[in-house]
Amino acid sequence: YFWSDLARAYQTTHDEKYARAFARQAEDWLDQTGGAPDGRSYIESPWRTIEVGQRLMNAWPDAWRAFKDSPNFPAALRERFLASLRVQAKYLMQHHSSRNWLLMEMNGLHACATYFPDFPESEQYRRESARIFGEELRSQLLPDGFQYELTPDYHLALMECACAIYRRAKEAGRLNELPDYYLSLLEKAIGSQVSLMTPAFVQPRFND
């Protein structure tokens with residue numbers, strides 16, 4: 001997560017010490033992890049699918065945008081970084097799981113495919129991650145709009161992932177890649193949380 005903090009610090013101060021710190025950490029991570037495993041990995045692995053999704057959501061794209069032009073992020077390391085992004089995206093496509101893990105995995109895959117559109121697989125991954133996420137969203141939401149685990153924490157995670165995918169698709173002009181029921185489910189999920197703030201649990205109405 002702190003790669004996002006390093007990125008913001010660098011963009012604010014233009015101090016190359018942040019770029020040097022990032023480059024050291026990125027190279028160290030790439031040296032230690034190697035390629036993706038043949039199957040899904042679990043505890044104590046850098047390839048546990050939920051963590052792969054989480055780092056592709058924000059930290060890795062944030063770092064790339066901030067440091068890609070820094071003289072302390074050399075070309076060879078940039079190539080390794082981009083190659084790893086493609087490997088991680090492919091790994092999520094092949095080994096995604098289910099339920100709340102799947103939300104994180106598909107959000108990360110969608111982020112990578114949206115922020116790096118020049119990868120040959122990006123269009124396929126964008127569309128497929130949006131489809132899989134939409135189906136899971138439809139599966140997890142109860143008729144009243146609450147997430148089936150009935151805890152605000154997990155519901156918030158669902159909403160954050162769902163909103164991120166919608167926002168990303170809208171900014172990229174690709175809302176047509178989301179399922180046609182996506183926005184109505186998102187509004188229902190948000191509305192259920194707004195209703196918690198009202199005495200009678202009243203669902204809000206959203207304007208077009």
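Higher on the page you've got the structure.
What comes next is a walk through the structure. Small disclaimer: the values here were computed from a predicted structure and weren't measured. (Residues numbered from 1 in each chain as written. Predicted model: local features only at pLDDT ≥ 70, side-chain atom pairs only at ≥ 80, totals over all residues. Heavy atoms only, no water.)

Before going further, it helps to spend a moment on helix α8 (residues 152-171). Counted at 1.5 Å a residue, the expected span for α8 with its 20 residues is 28 Å, and the 28 Å between its end C-alpha atoms agrees. Those residues of α8 not exposed but buried are His155, Ala157, Leu158, Met159, Cys161, Ala162, Ala164, Ile165, Arg168 and Ala169. On its buried face, α8 sits against α3 (49-57), α6 (99-115), α7 (122-140) and α9 (182-195). Remark: glycine 173 follows α8 within two positions and exhibits a positive phi of approximately 70 degrees. (Helix = DSSP H or I, 4+ residues; strand = E, 2+ residues; numbered from the N terminus. Expected span 1.5 Å × (residues − 1). Buried < 20%, exposed > 50% of the residue type's maximum accessible area, 1.4 Å probe, protein only. Contact = heavy atoms within 4.5 Å.)

With that settled, consider empty space enclosed by the protein. For the structure on display, the rule yields one cavity of 30 Å³ or more. Here the largest cavity is characterised by a volume of approximately 40 Å³. What lines the largest cavity is simply Arg86, Ala89, Cys112, Ala113, Phe119, Glu121, Ser122 and Tyr125. In terms of residue class, the lining of the largest cavity is made up of five nonpolar, one polar and two charged. (1 Å grid on protein atoms, 1.4 Å probe; cavity = no way out; pocket = protein on both sides within 12 Å on 5 of 7 lines; lining within 4 Å. Points joined across faces, edges and corners; volume = space filled by probe spheres on them. Nonpolar A, V, L, I, M, F, W, Y, C, P; charged D, E, K, R; others polar.)

Counting 57 residues, the largest nonpolar core has Trp3, Phe22, Trp60, Phe67 and Phe133 as the members making the most contacts within it. Other than its neighbours up to four places away in sequence, phenylalanine 22 contacts Trp3, Leu6, Ala63, Phe67, Phe73 and Phe81. (Core = buried A, V, L, I, M, F, W, Y, C linked by side-chain atoms within 4.5 Å.)

Counting through the fold element by element, glutamine 54 comes out in helix α3. Here glutamine 54 falls in the buried class, since its relative accessible area comes to 18%. Taking C-alpha positions, glutamine 54 is 22 Å from leucine 77, a pair spaced 23 residues apart along the chain. Excluding its chain neighbours within four sequence positions, the residues that come into contact with glutamine 54 are Tyr1 and Met104.

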